[in-house]
Amino acid sequence: MFEEASEVFDNMFKSSFPLTFIVFIPAVLILVSPLPAEAAHEFTVYRMQQYDLQGQPYGTRNAILNTEARTVEAEVLSRRCVIMRLADFSYDKYQKALRQSAGAVVIILPKNMSAVPQDIVQQFMELEPEMLATETIVPVYFAMEDDELISIYTQTLTSSSSQGSLSAAEVLLHTATANGFQMVTSGAQSKAISDWAITSLEGRLAGVGGEDLPTIVVVAHYDSFGVAPWLSYGADSNGSGVSMLLELARLFSKLYTYKRTHAAYNLLFFLSGGGKFNYQGTKRWLEDNLDHTDSSLLQDNVAFVLCLDSLGNGDSLHLHVSKPPKEGTPQYFLLKELETVVTSQYPEVKFSMVHKKINLADDMLAWEHERFGIRRLPAFTLSHLPSHRLPQRSSIMDVRPHVDVKKLSRNTKMVAEALARVIYNLTEKGAPGDLQIFTEQMQVQEEQLSAVVDWLTAQPRAAQLVDKDSSVVSTLEYHLGRYLKDVKRHYVKADKRDPEFVFYDQLKQTMNAYRVKPAIFDLLLAVCIAAYLGMMYLAIQGQDHCDPKTMATYEHPKNFGVLYSVVRKITQPKTKTH
């Protein structure tokens, strides 16, 4: 075997030793070197909102990501994927990444959102509207933390933060030897979704005693909103309002079952879609009922419209109105009955009326009742929030623990009692303020409210995710059908020529983090190989230690030197001694 190897080397060196060596060594390095990258981790990411509303773009306009990871502590963020944890997130850091034209931003969220400290939750809720206020070409993603993702963040943070305190040579060496992560998304570029339908639902309980009966409309929008659609669960806003509406439908359907308690009011219940996008479902529903039909409960005799929004917490109730109700009107009676019920039965609750005029110059309406006010229908919104500007109405932080079922049950009973006092005209009949109608078999079912909120918050309900075939729509339709008559759907699609809203896809993707060496590592490796080959060449030039007889045998004696002598000795077969 050694003799054959000696012969191979002999022939190789005789032909052209330097050329053979230069070809042979890089080939060996390529064969024995590790793969350039290996998959480190695969995880799901949720992209920030991307939509157009009344021709104005909002959110991120890009979805493709293929760049190296850095943390915000790094000096240079250009064309890098900036990773941030929620605890370290701030608007200044976010703007730093955008100003330096980062390749992307990935914000790591904790698994248990309810365990996040309240100050961090409040800070992020206040930042969400600012993040969405203007469009950006930088892809912004959110990911739920796990052990692998935290390890990637920690390694990237160590690499990024150490660069600022080292010398130039140390930075170069550290950069060349450190491991990096290449962040790559699997999806394509986002594009507009065509013919998306927003679905709304209505059902009714017909009154008894005549044809021109007054109608009370109870409304709640069911969709949720937040900086990332796939993380928008909308527990308080407006899961609480939907659960209250369904419970009110159940309670009054029982009352309307019996002839003795069948009131002379029509009750119309409406679950609207697209509420977080300027109440598109309500707008189309009003157009269909007021402009495109001759027979509608909304055209005849509307007593008032009561919109329910964010009623799952707090010890206060606010009746938001665009125009204070006049004395003697049905809406005035409801206001007074609410005050009576709160004062007599729930003194711990603070009740007030909040007056705010409709500002048609604003891009977004403040409350849902303003849609009805524009069409001159008497309406108001009941909420435990004193202002429409509070950030928890549109936040991914609005999760299940933000709804206190006991307070939601209490608020539901207050609304039910006040509505019943209006419908049955109990005050004029001399009924005391502490009279309770919904007790015993007719009491509010706290378990039912809790079950509905649990179900609603078990899935995101962003308008871009709830199509007409969604289980959310079909389940809500089923529940309305249990208690109400004439349950039907209403659809709204954006106009193709001048769309009021446009949604985009690629809101949920898979991201891969590949462990890679930085590009400078390849450059340094090439320099090392060149230096090694140069040293070998210089060593070959030496011929002082070579056997003259051996050198005379070959055509290019100066091409061997010490290296050939060493190789010759290694491959020389050993003589056996007997």
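Residues numbered from 1 in each chain as written. Predicted model: local features only at pLDDT ≥ 70, side-chain atom pairs only at ≥ 80, totals over all residues. Heavy atoms only, no water.

Draft legend 1. Looking closely at the nonpolar core. Counting residues in each nonpolar core, the largest one holds 67 residues, and the members touching the most others are Leu 248, Phe 252, Leu 271 and Leu 306. Ranked by residue count, the leading element in this core is helix 6 (residues 235–255), at 10 residues. Discounting residues that sit within four places of it in the chain, Leu 306 has contacts with Val 217, Val 218, Val 219, Leu 319, Leu 334, Phe 380, Leu 382, Val 415 and Leu 419. (Core = buried A, V, L, I, M, F, W, Y, C linked by side-chain atoms within 4.5 Å. Buried < 20%, exposed > 50% of the residue type's maximum accessible area, 1.4 Å probe, protein only. Helix = DSSP H or I, 4+ residues; strand = E, 2+ residues; numbered from the N terminus. Contact = heavy atoms within 4.5 Å.)

Draft legend 2. Representation of helix 7 (residues 280–290). Counted residue by residue, helix 7 has 8 buried out of 11 residues, so it is predominantly covered. Listing the buried residues of helix 7 in full gives Gln 280, Gly 281, Thr 282, Lys 283, Trp 285, Leu 286, Asn 289 and Leu 290.

Draft legend 3. A look at helix 9 (residues 330–345). The terminal C-alpha atoms of helix 9, which comprises 16 residues, lie 22 Å apart, in line with the 22 Å expected from a rise of 1.5 Å per residue. When helix 9 is considered as a whole, its buried residues turn out to be Gln 331, Tyr 332, Leu 334, Leu 335, Glu 337, Leu 338, Val 341, Val 342 and Gln 345. If you follow the buried residues of helix 9, they end up packed against strand 12 (302–308), strand 13 (316–321), strand 14 (350–355), strand 15 (379–383) and helix 11 (405–423). (Expected span 1.5 Å × (residues − 1).)

Draft legend 4. Structural detail: a nonpolar patch on the surface. A cluster of nonpolar side chains, namely Leu 523, Leu 524 and Val 527, defines an oily patch on the protein surface of about 270 Å² accessible area. Tracing the backbone through its elements, the reader meets Leu 523 in helix 14 (residues 519–541). (Patch = residues over 30% accessible without salt bridge, like charges linked within 9 Å, V, L, I, M, F, W, Y side chains within 5 Å. Areas by Shrake-Rupley, 256 points an atom, 1.4 Å probe, with all protein chains shown as cover. Salt bridge = Lys/Arg side-chain N within 4 Å of Asp/Glu carboxyl O.)

Draft legend 5. Representation of the sheet that holds strand 2 (residues 50–53). Reading across the sheet, the 3 strands line up as 3-2-17 and stay open at both edges, with antiparallel pairing between neighbours. Among the strands making up the open sheet, the edge pair consists of strand 3 (56–59) and strand 17 (501–503). Strand-to-strand twist of the sheet, defined as the mean angle between neighbouring strand axes without regard to direction, takes the value 20°. Note that strand 2 and strand 17 share 3 bridges and pair antiparallel. Following the sheet pairing, Tyr 51 is matched in strand 17 by Phe 503. (Pairing = 2+ DSSP bridges. Axes fitted to C-alpha atoms, helices over the stretch in contact; angles between N-to-C directions.)

Draft legend 6. Structural context of the packing of aromatic side chains. The final tally for this structure, using the stated rule, is 15 aromatic pairs. A centroid spacing of 6.1 Å and a plane angle of 55° characterise the contact between Phe 89 and Tyr 94, whose relative ring orientation is tilted. By relative accessible area, Phe 89 is classed as buried at 3%. Between Phe 270 and Trp 285, the aromatic rings sit 3.8 Å apart at their centres with planes inclined by 10°, giving stacked as the arrangement. Of this pair, Phe 270 sits in strand 11 (residues 266–272) while Trp 285 sits in helix 7; the two residues are 15 residues apart in sequence, bridging distant segments of the chain. The pair formed by Phe 270 and Trp 285 is uniform in burial state, with each residue classed as buried. Positioned above the aromatic ring of Tyr 504, the side-chain terminus of Arg 61 is 5.0 Å from the ring centre. Lying over the aromatic face of Trp 367, Arg 393 brings its terminal NZ or CZ to 4.1 Å of the ring centre. (Phe/Tyr/Trp six-rings, centres within 6.5 Å; stacked < 30°, edge-to-face > 60°. Lys NZ or Arg CZ within 6 Å of the ring centre and 35° of its normal.)

Draft legend 7. Seen up close, the pattern of salt bridges. Applying the stated criterion to the full structure yields 21 salt bridges. The partner of Asp 195 in a salt bridge is Lys 496, with the nearest N and O atoms 3.7 Å apart. Taken as a pair, Asp 195 in the loop between strand 8 (180–185) and strand 9 (197–205) and Lys 496 in the loop between strand 16 (485–493) and strand 17 lie far apart in primary sequence, 301 residues in all. Two residues, Glu 247 and Arg 250, come together in a salt bridge whose shortest N-O distance is 2.6 Å. You can see Glu 247 and its partner Arg 250 sitting in helix 6, 3 residues apart, about one turn around the helix. Taken as a pair, Glu 247 and Arg 250 share a single burial class, namely buried. One network of salt bridges, in which partners are shared, links Asp 52, Arg 61 and Glu 135.

Draft legend 8. Structural view of the environment of Gly 187. Considering the arrangement of structural elements, one finds Gly 187 in the loop between strand 8 and strand 9. Spatially, the C-alpha atoms of Gly 187 and Leu 507 are 9.5 Å apart, while their sequence positions differ by 320 residues.

Draft legend 9. Geometry of the packing of helix 6 against helix 11. At their nearest, the axes of helix 6 and helix 11 sit 10 Å apart, and the two run at 45° to each other. Here helix 11 runs oblique to helix 6, going by the angle between their axes. Along this stretch, helix 6 crosses helix 11, giving a crossing that reads as right-handed. Seen from helix 6, the contacting residues are Ser 240, Ser 243, Met 244, Glu 247, Leu 248, Leu 251 and Phe 252; seen from helix 11, they are Leu 408, Asn 411, Thr 412, Val 415, Ala 416, Leu 419, Ala 420 and Ile 423. Looking at side-chain class alone, the contact of helix 6 with helix 11 contains 10 nonpolar, 4 polar and 1 charged residues. (Parallel < 35°, antiparallel > 145°, perpendicular 65-115°, else oblique. Left-handed = near helix turned anticlockwise from the far one by under 90°. Nonpolar A, V, L, I, M, F, W, Y, C, P; charged D, E, K, R; others polar.)

Draft legend 10. Up close: unusual backbone geometry. Looking along the chain, the bond that leaves Ser 237 and enters Asn 238 is cis, with omega of 10°. Within the secondary structure, Asn 238 is located in helix 6. The residue Arg 79 is not glycine, and still its phi comes out positive at about 55°. One can find Arg 79 in the loop between strand 4 (66–71) and strand 5 (81–85). If you check the backbone angles, Tyr 279 has positive phi at about 55° while not being a glycine. Tracing the backbone shows Tyr 279 in the loop between strand 11 and helix 7.

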